[in-house]
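So you can see what is in the structure, the chains are spelled out below.
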Amino acid sequence: MESPPSKNWPSHEVDTDRLALVASITPNLLVILDQEGRIEWVNPSFESHTGYSLSEAQGHTPRDLLYGPNTDPKTAGRIKSALCCGDAIEEEILHYTKSGTPYWVHVYCVPIGAEQGARRGFVAILNNISDRKNSERGLRIAASVFDRSHEAIMITDQSNRILDVNPSFSRITGYRREEVLGLNPTILSSGRHSGKYYQSMWRSIEKTDHWRGEIWNRRKNGEEYVELLSISRVHLEEPGQYYHVASFTDITALKNHARELDRAANYDDLTGLPNRQLLEERLEKARQHADRQQRPLSICYLDLDGFKTINDRFGHAAGDQALQILSKRLTRALRSGDIVARMGGDEFVLLLQGDENHDAVYLRILETLGDPIELGERSVTVTASLGITRYPEDSADAEGLIRHADQAMFSAKEKGRNQFHFFDPGLDEFRRKRRNQLMEISKALENDEFELYFQPQIQVSDCTLFGFEALLRWKHPERGLLSPGEFLPLVENSHLEVPLGQWVLKEAIYRMNVWREAGENLAVSINISAPHLMDRSFSDYLESYLLSHPDVAPGQITLEVLESTALEDTKRASNVLARCQQLGLQVALDDFGTGFSSLTYLRKLPVNMIKIDQSFVRNMLGDAGDRAIVESVIFLAQRFSHPVLAEGVETMELAQVLRRMGCNFIQGYGIARPMPAREVLEWAREWQRRAKSKGHGDLLDAETGQKKLS
């Protein structure tokens, strides 16, 4: 640094050099100010700590460089006032480095002048006291936390004597601070915990310097309470010196509330029995225990028969009283370890553990409920239906076991009052398998895996092509092409019956339109299941689809209704079919002769054609009974003025016999096997060409000697 002019300083050069050396190496921050309070010189420590070089600092006041947003304005004002008055200054103030980092300094500033042989000004010594300030702040915070904490805090020495407690300790325990100083915390012991419990606690503290858990203690007034306690061992710098800091909270109210919540969540309000949620938890544990012990479980679903009448006759209060009485009876009837739970309403589930599974156990349960119930001056008697499933024969999870017992209970009700019934896992497996298969069929419908094949129908008199029957096939991605018999039985009476039937209708009409555009007006017969026919949207759906294909002649569409499928509402079926005929469609009664109400259907249903089931046609040449049925069907059809179509015609001989009997149309492998839609036009044109080449003669006679017609 530059020295002041020699005329203002003493001429002791050695002393001046030493003073300059001290100023350059001291860790303190040194600043020389002029009489206006502007910086003339700073030492290297000031430069390194603040980030300001001497050249940057010269000419500025400390206020300009070092004050920041949190510098106390009152302290800054006192410093400014002292500088103006030329007084010495000693203050603690917050400064900021050039980069904006705050730090605390102790400022000692004295005026200098002629007495020191120097120009008038000030010399300031700044000591960084941030560490002390932070420690003081930490101590203030710790003291505040100790005094204001809602948790009780207790500090003990190595001998576990109480050194200090906070106000919350007194609030929770009832002991004043001066009452417990020097005492052992055992004054709080409730006596609930064994010596082993405390030994385990201290072993944890010795090993990990920490323990946390719940513990019962006693207040000064003798009242017991439960606290959540945390103990930490705090080691000091001196070897072997440590203290214990224990903090705890009174959680008695929380524990009581938790018990209330547990009861509300897991127990029935009316009877106090476990509810469904708790039952499932206990049943899952019982399954695991049964697996270990290799012993069975019985899960019984019990429903009171006609309990609603008690509420209706005597009121809900009497009904609730009856439920409470019956709940106690069920509980008394069970052995230790068995469980009874209320599912709601008048339904209960019993969990019986052990090998005792004979009928006498379940009869005893039903008899227990059958004793008269006294409701004031009135007496009522109830019975129950009991459904039972057995684990591990039924290997379902807890929810599944309850559901299966419930299903068995409904079967018991169907048998009559005061009955029990066992769940059949094999039957349930069948239902589950069918459910999976239906899901696969539903997915196949979405993925367009179905296809229509078409089998020709021939007029016997002149062998002209009458039309085709649409037959469903499934292009299974793994099993290949499947015939209807491999999947349609699964669809019967399911939610897929109508969607699949609608798809067949749409696809058949679409193919008719394609053939018409190719120059061939071919008639098509479409099979309609009874549930599809009876669906309320059937005729409207069919009409709307016909309107969207105006070039397709409705008269070339025949709806084949399966006679062997019972139509429970014959009147409604007749109305629907009549509506279809009004739209111009034909109606055929398919598989005639296989049902129980053939004559009723023939008399009441509006039909245009009768189809004889192939099971009678195929063997009629060798079975007199089948031949008699075929003859009878043809005779009946003629009496009702309905043409007849015979299915299952596989040989020339069959065709000729049917013609002589008066059959009008035939269909079967003897004509052609069902074919994909892409082959229909070529086959139809070839058949028509052959019929024309014979001069519309009788192909049946022309091809005598052949076993097949084509």
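Structure report, in brief. Remember, predicted model here, so these are calculated numbers, not experimental data. (Residues numbered from 1 in each chain as written. Predicted model: local features only at pLDDT ≥ 70, side-chain atom pairs only at ≥ 80, totals over all residues. Heavy atoms only, no water.)

**Here's the deal with the overall build of the protein chain**
Under the convention used in this document: Elements are defined by DSSP. Helices are runs of H or I of four residues or more, strands are runs of E of two residues or more, and each kind is numbered from the N terminus. Each radius of gyration reported is based on C-alpha atoms, and the globular scaling rule is 2.2 Å times the count of residues to the power 0.38. In this analysis, two residues are considered to be in contact whenever any of their non-hydrogen atoms come within 4.5 Å of each other. In these tables, accessible area is a Shrake-Rupley quantity obtained with a 1.4 Å probe, and a residue counts as shielded only by the protein chains included in the view. When charges are counted, Lys and Arg are positive and Asp and Glu negative, with His and the chain ends excluded. By convention, charge coordinates are those of NZ in Lys, CZ in Arg, CG in Asp, or CD in Glu.
Secondary structure assignment for the protein chain yields 27 helices and 27 strands. The C-alpha radius of gyration of the protein chain comes to 51 Å, more than 25% above the 27 Å expected for a compact globule of 710 residues. In the protein chain, once contacts between residues fewer than 6 apart in sequence are set aside, the share between residues at least 24 apart is 57%. Within the structure as shown, the protein chain displays about 37800 Å² of accessible surface, and the carbon and sulfur contribution to it stands at 50%. The averaged location of the 101 negative side-chain charges in the protein chain is 2 Å from the averaged location of its 84 positive side-chain charges.

**Focus on the pairing of strand β4 (residues 102–112)**
Keep this limit in mind: Pairing between two strands requires that DSSP report at least two bridges joining them.
The sheet contact formed by strand β3 (residues 89–96) and β4 spans eight bridges and is antiparallel. Bridge pairing in β4 links His95 to Tyr103. Relative to strand β5 (residues 121–128), β4 runs antiparallel, the two being bridged by eight bridges. The residue of β5 that forms the bridge with Tyr108 is Ile125.

**Re the sheet that holds strand β13 (residues 347–353)**
Under the convention used in this document: A fitted line through C-alpha atoms represents every axis, and for helices the fit uses only the stretch in contact; the resulting angles, taken between N-to-C directions, go from 0 to 180 degrees.
Taken in spatial order, the five strands of this open sheet run β12-β13-β11-β16-β17, and their pairing is mixed. A strand with exactly one partner marks an edge of an open sheet, and here the two such strands are β12 (339–344) and β17 (420–422). Adjacent strand axes in the sheet meet at a mean angle of 20 degrees when their direction is disregarded. Both β12 and β13 contribute to a ladder of five bridges, which runs antiparallel. Its bridge partner being in β13, Ile339 is matched across the sheet by Leu351. Against the sheet, helix α11 (residues 276–293) engages β11 (297–305), β12, β13 and β16 (383–391), with an angle of about 145 degrees to β12. Running over the sheet, helix α15 (residues 398–415) touches β11, β12, β13, β16 and β17 and is turned about 140 degrees from β16.

**Let's talk about the pattern of salt bridges**
This is how it is decided: The working definition used for a salt bridge is a side-chain nitrogen of Lys or Arg within 4 Å of a carboxyl oxygen of Asp or Glu.
Summed over the entire model, instances satisfying the criterion amount to 37 salt bridges. Between Glu280 and Arg276 there is a salt bridge, with the nearest N and O atoms lying 3.2 Å from each other. With Glu280 and Arg276 both in helix α11 and four residues apart, this pair spans about one turn of that helix. Among the charged side chains, a network of salt bridges with common partners joins Glu92, Arg132, Lys133 and Glu136.

**Some remarks on the sheet that holds strand β7 (residues 162–165)**
Ordered by their spatial adjacency, five strands build an open sheet running β7-β6-β10-β9-β8, and the pairing between neighbours is antiparallel. The sheet is open, and its two borders are formed by β7 and β8 (210–218), each paired with just one other strand. Here the strands of the sheet are splayed against their neighbours by 25 degrees on average, with no regard to which way each runs. The pairing of β8 with strand β9 (residues 224–235) spans nine bridges and is classified as antiparallel. Across the sheet, residue Glu214 finds its bridge partner in β9, namely Leu228.

**A few points about the packing of helix α24 (residues 624–639) against helix α25 (residues 652–661)**
A pair of packed helices can be characterised by two numbers: the angle between their axes and the separation between those axes. Here is the rule we go by: With respect to orientation, any angle under 35 degrees is reported as roughly parallel, any angle over 145 as roughly antiparallel, any angle of 65 to 115 as roughly perpendicular, and every other angle as oblique. If you view the pair so one helix is near and one far, a crossing is left-handed when the near helix is turned anticlockwise from the far one by less than a right angle, and right-handed when it is turned clockwise. In this classification, the charged set is Asp, Glu, Lys and Arg, the nonpolar set is Ala, Val, Leu, Ile, Met, Phe, Trp, Tyr, Cys and Pro, and all remaining amino acids, among them Gly, are polar.
Packing of α24 against α25 leaves a shortest axis separation of 10 Å and a crossing angle of 40 degrees. Viewed along their axes, α24 and α25 adopt a mutual orientation that is oblique. Crossing of α24 against α25: the hand is right-handed. Where α24 approaches α25, its residues Arg627, Val630, Glu631, Ile634 and Gln638 are matched on the opposing element by Val657, Leu658 and Met661. Here the residues of the contact of α24 with α25 are counted per class, giving five nonpolar, one polar and two charged.

**Some details on the packing of aromatic side chains**
Any aromatic ring pair is given by two values, namely how distant the centres are and how the planes are angled relative to each other. We apply this condition: Note on ring pairs: Phe, Tyr and Trp rings are taken, using the six-membered ring of Trp, and paired if centres are within 6.5 Å. Classes follow the plane angle, with under 30 degrees stacked, over 60 edge-to-face and the rest tilted. Classification of residues uses two cut-offs on accessible area relative to the type maximum, computed with a 1.4 Å probe and protein chains only: under 20% is buried, over 50% is exposed, and between them is partly exposed. By definition, being over a ring means that NZ of Lys or CZ of Arg is both within 6 Å of the ring centre and within 35 degrees of the ring normal.
Taken as a whole, this structure holds 16 aromatic pairs when the rule is applied. Geometrically, the ring pair formed by Phe420 and Phe422 is edge-to-face, given 5.9 Å between the ring centres and 90 degrees between the ring planes. Their ring planes at 75 degrees and their centres at 5.0 Å tell us that Phe454 and Trp515 sit as a pair that is edge-to-face. Of this pair, Phe454 sits in strand β18 (residues 450–459) while Trp515 sits in helix α18 (residues 497–517), placing them 61 residues apart in sequence. The same class applies to Phe454 as to Trp515, namely buried. In this structure an aromatic cluster arises from ring pairing among Phe454, Phe468, Trp515, Trp683 and Trp687. Between the NZ or CZ atom of Arg233 and the centre of the ring of Tyr242, over which it lies, the distance is 4.3 Å.

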